[in-house]
Amino acid sequence: MRLGRARSVGLIGLEATLVDVEVSVGGGLPRTVLVGLPDAALHEARDRCRAAVASAGFGWPEHLVTINLSPASLPKAGTHFDVAIIAAVLAANGAVPSGLLADSVLLGEVGLDGGVRPVRGVLPAVLAAVREGIGHAIVPAQQVREARLVDGARVHGIASLADLAAVLAGQSIPEAATVQPPVRRERVADLIDVAGQLEARWALEVAAAGAHHVHFLGPPGVGKTLLAERLPGILPDLSTADALEVAAIRSLVGLPDVGELPRRPPYAAPHHSASVASITGGGSQIARPGAISLAHRGVLFLDEAPEFSPRALEALRTPLELGRIELARARALTSYPARFQLVLASNPCPCGQAGTPGGVCTCPPMAVRRYAARLSGPILDRIDIAQRLRPMTRAYLRAAGSAGEPSAAIAGRVVEARRRQVHRLREWGWSTNAEVPGPVLRRKLPPPEGVELLDEAVSRGQLSARGVDKVVRLAWSIADLAGAARPRPSDVRTALAMRRGDDAVEVRGG
Amino acid sequence: MDERRETGQRGESLVAAYLERRGWRVICRNWRCDAGEIDLVCCDPDGAMVVCEVKSRSGVGYGSPLEAITRDKVRRLRQLAATWAREYPETIQALRVDAFGVLWHVDGTASVVHVRGVQP
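As the structure is a prediction and not an experimental result, all values here were calculated from the model. Each chain carries its own residue numbering, running from 1 in the direction its sequence is written. Starting at A for chains and at 1 for ligands, labels are handed out in the order in which the entities are written. Restriction of local features to residues with pLDDT of at least 70 applies here, the model being predicted, together with a cutoff of 80 or more for giving and counting side-chain atom pairs; totals for whole chains, interfaces and linings are based on all residues. Side-chain measures here rest on the full set of heavy atoms in the structure, leaving out hydrogens and waters.

**A closer look at the interface of chain A and chain B**
Here is the rule: What makes two residues a contact is simply this: any of their non-hydrogen atoms within 4.5 Å. Two parts placed together each lose some accessible area; with a 1.4 Å probe, that loss summed over both constitutes the buried area. Only one rule defines a salt bridge in this text: a Lys or Arg side-chain nitrogen within 4 Å of an Asp or Glu carboxyl oxygen. Two N or O atoms count as a polar contact when they lie within 3.5 Å, although within protein this holds only if one can serve as hydrogen donor and the other as acceptor, and sequence-adjacent residues are included solely when both atoms are side-chain atoms. Note on residue classes: Ala, Val, Leu, Ile, Met, Phe, Trp, Tyr, Cys and Pro are nonpolar, Asp, Glu, Lys and Arg are charged, and everything else, Gly too, is polar.
Each partner contributes residues to the interface: chain A has six residues there, and chain B has ten residues. Taken together, the two surfaces of chain A and chain B that pack against each other cover about 650 Å², and 61% of this comes from carbon and sulfur. Where chain A touches chain B, the interface holds one salt bridge. Residues B:Glu67 and A:Arg50 are paired through a salt bridge, measuring 3.0 Å at the closest nitrogen-oxygen approach. The interface formed by chain A and chain B holds one residue pair in polar contact (both at pLDDT 80 or more) in total. Residue composition of the side of chain A that touches chain B, by class: two nonpolar, one polar and three charged.

The structure is reproduced here in structure tokens:
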């Protein structure tokens, strides 16, 4: 009876656990059994590994081969255990030295030709391995860059099982032989392309400064989508910790371009036909991340928001408050981060012209009301800024000039405002106004001047208790953009107008 | 067909000779009944009756010889062994099924793998 042992990582959502792959060879008729709660894809690993080992020129033991994945009670999914299984079998057979295996995690799927193919979740897996004190990571050659995002582990890229044997024997593989796919860079749209709409641009700037949620409301063709798409372009770069979270989620869903730390905030814009599961995350057995987690630390844009299914929209309520989502499925409870900035765009009615100066709405009044009611109160109450957009007149467009302010200039002011927030809030561990919990906002920070304006709005029933906090947060963001030490009455007034979506927002306070 | 049967027969003879050299006693060869055939029954030095299944191959292109002994085949062999034991006139101390894989090499030599007490 000979034993071989190698290590890999089991992933349930982003939660990673080290998995010992134990192989015992000997006794009995030649047969290979795989135990330890494998899922269907993993169960097939047995046949895949046998064929791969044969075509790589190694022999599969002609004995009873028992492969155990321990801890045996943890459900395991995915194809990335192949390389660890093969390493353990070869070590048990004495075909490779087992010295390095004790201090390594192995990840990768094998092809029938003995090649090693990329898998999902390399980044979170290597992160977990380093946390557990593992010194070496053996990953598919195409994912070397992704694994190197983690500090503290020596990363070896393998393109085939021959490379695996070489690495385990202590030989070095020439890096140049492994082809790295090029890193794709997305072109970010610039606000310079948006003519006019000064109010909406200002609302976008405030939203960017404090990470507030925005709702753009207006007739078709006024630039709601243009503006929303340009929000990521004026947001500041992600911190290293945030970027690692973003990269881990991207790696988990198998997005191809995790080659370097994503410094730009992510942007997700699901179509309005999206299902609840695709928005929140879901799926059978073990839930996978959805659009809200892909937009973590970035922007989630729901264009034509009233067209989304009510259930999909309502599902946003808890993640909007908590910044994460817990998904219970048959095999596991998973939790994914989902601290996103929500941008909604909607028309006022089915024909889109209701309440638009110069527009003629052809909808019956009930249709207008029904359309507006598709965005429920609880969702709208969580939105900080409601911004109405009007069609630009030709005179206005001429006056505004052909070119607006470029994104870079606005981004500069936003970075400055964010710096002020980090400085003010670091004592409590927050970095943006939108994140500050109510109690800290009310008791720890200096009260804004002109708070009595809010009391009046509350007593008239125009503002909920949550609404008051939201207005105060907005006022802070406006003050931060202006470089004021604390919000002035004009900031509170502007914030209140922004929150209620009043038609006459006094641009930049009066 | 003949060539294949010959490979099988040669394998069985080889195993019988191999076991006799080690002090086993061959009780019968190619015992048949309605349910199938037993290649070899031997009595090992400890006095146990051993029903032997011999698989011969002349190459590993289709896998090792022992891989041909599937779970169903083992189950059938155990039933055959029981049938044989009922018909055997003398008392049987112990009964077991062993598998032998015979691989014929090109130069006429062969290697034998012996698995004691196969389980389905």
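**Section: the domain arrangement of chain A**
Residue and element names in this part refer to chain A. The line we're drawing: In this entry, domain limits derive from an automatic or database-based domain assignment.
Looking at the assigned domains, one finds that chain A contains domain 1 (2-177) and domain 2 (191-197 + 213-404). Spacing between the C-alpha centres of domain 1 and domain 2 amounts to 40 Å. Of the residues lining the interface, 18 residues belong to domain 1; the matching set on domain 2 comes to 19 residues. For the domain 1 and domain 2 pair, buried surface summed over both sides reaches about 1,500 Å², with 68% attributable to carbon and sulfur atoms. When the buried area of domain 1 at its contact with domain 2 is split by residue, Leu14, Arg120 and Leu149 rank highest and sum to 37% of it. Applying the counting rule to domain 1 against domain 2 returns zero salt bridges. In this assembly, domain 1 and domain 2 are joined by four residue pairs in polar contact (both at pLDDT 80 or more).

**Concerning the nonpolar core**
Residues and elements named next belong to chain A. Heads up, the rule is: In this text, buried Ala, Val, Leu, Ile, Met, Phe, Trp, Tyr and Cys residues form a nonpolar core when linked through side-chain atoms within 4.5 Å. Burial classification: accessible surface area is computed with a 1.4 Å probe over protein chains only, and a residue below 20% of its type maximum counts as buried, one above 50% as exposed, and the rest as partly exposed. Here a helix means four or more residues in a row that DSSP labels H or I, a strand means two or more in a row labelled E, and each is numbered from the N terminus.
Ranked by internal contacts, the top residues of the largest apolar core, which has 53 residues, are Val139, Leu300, Leu316, Phe340 and Leu342. For this core, the element with the most residues is helix H4 (residues 122-131), which contributes six residues. Listed in part, the 47 residues of the second largest apolar core include Ala208, Leu231, Ala457 and Leu481.

**Some thoughts on the side chain of A:His212**
Considering the arrangement of structural elements, one finds A:His212 in the loop between helix H7 (198-210) and strand S10 (214-217). The contact partners of A:His212, leaving out residues within four places of it in the chain, are A:Val206, A:Ala207, A:Gln341, A:Asp384, A:Ile385, A:Asn433, A:Ala434, A:Arg473, A:Leu474 and A:Ser477.

**Digging into the packing of helix H21 (residues 465-482) of chain A against helix H22 (residues 489-500) of chain A**
All names here are of chain A. What counts here: Whenever a helix is involved, its axis is fitted only over the stretch in contact; in every case the axis is a line through C-alpha atoms, and angles between N-to-C directions fall within 0 to 180 degrees. Any angle between 65 and 115 degrees counts as roughly perpendicular, while under 35 counts as roughly parallel, over 145 as roughly antiparallel, and the rest as oblique. Crossing handedness: left-handed means the near helix sits turned counterclockwise from the far one by under a right angle, and right-handed means the same turn made clockwise.
One way to put it is that H21 packs onto H22 with a least axis distance of 8 Å and a crossing angle of 125°. In terms of their interaxial angle, H21 and H22 are classed as oblique. Two packed elements cross with a definite hand, and for H21 against H22 that hand is right-handed. When H21 is examined against H22, the residues Gly467, Lys470, Val471, Leu474, Ala475, Ile478 and Ala479 are found in contact with a partner set consisting of Asp491, Val492, Thr494, Ala495, Leu496, Met498 and Arg499. Class assignment for the residues of the contact of H21 with H22 results in nine nonpolar, two polar and three charged.

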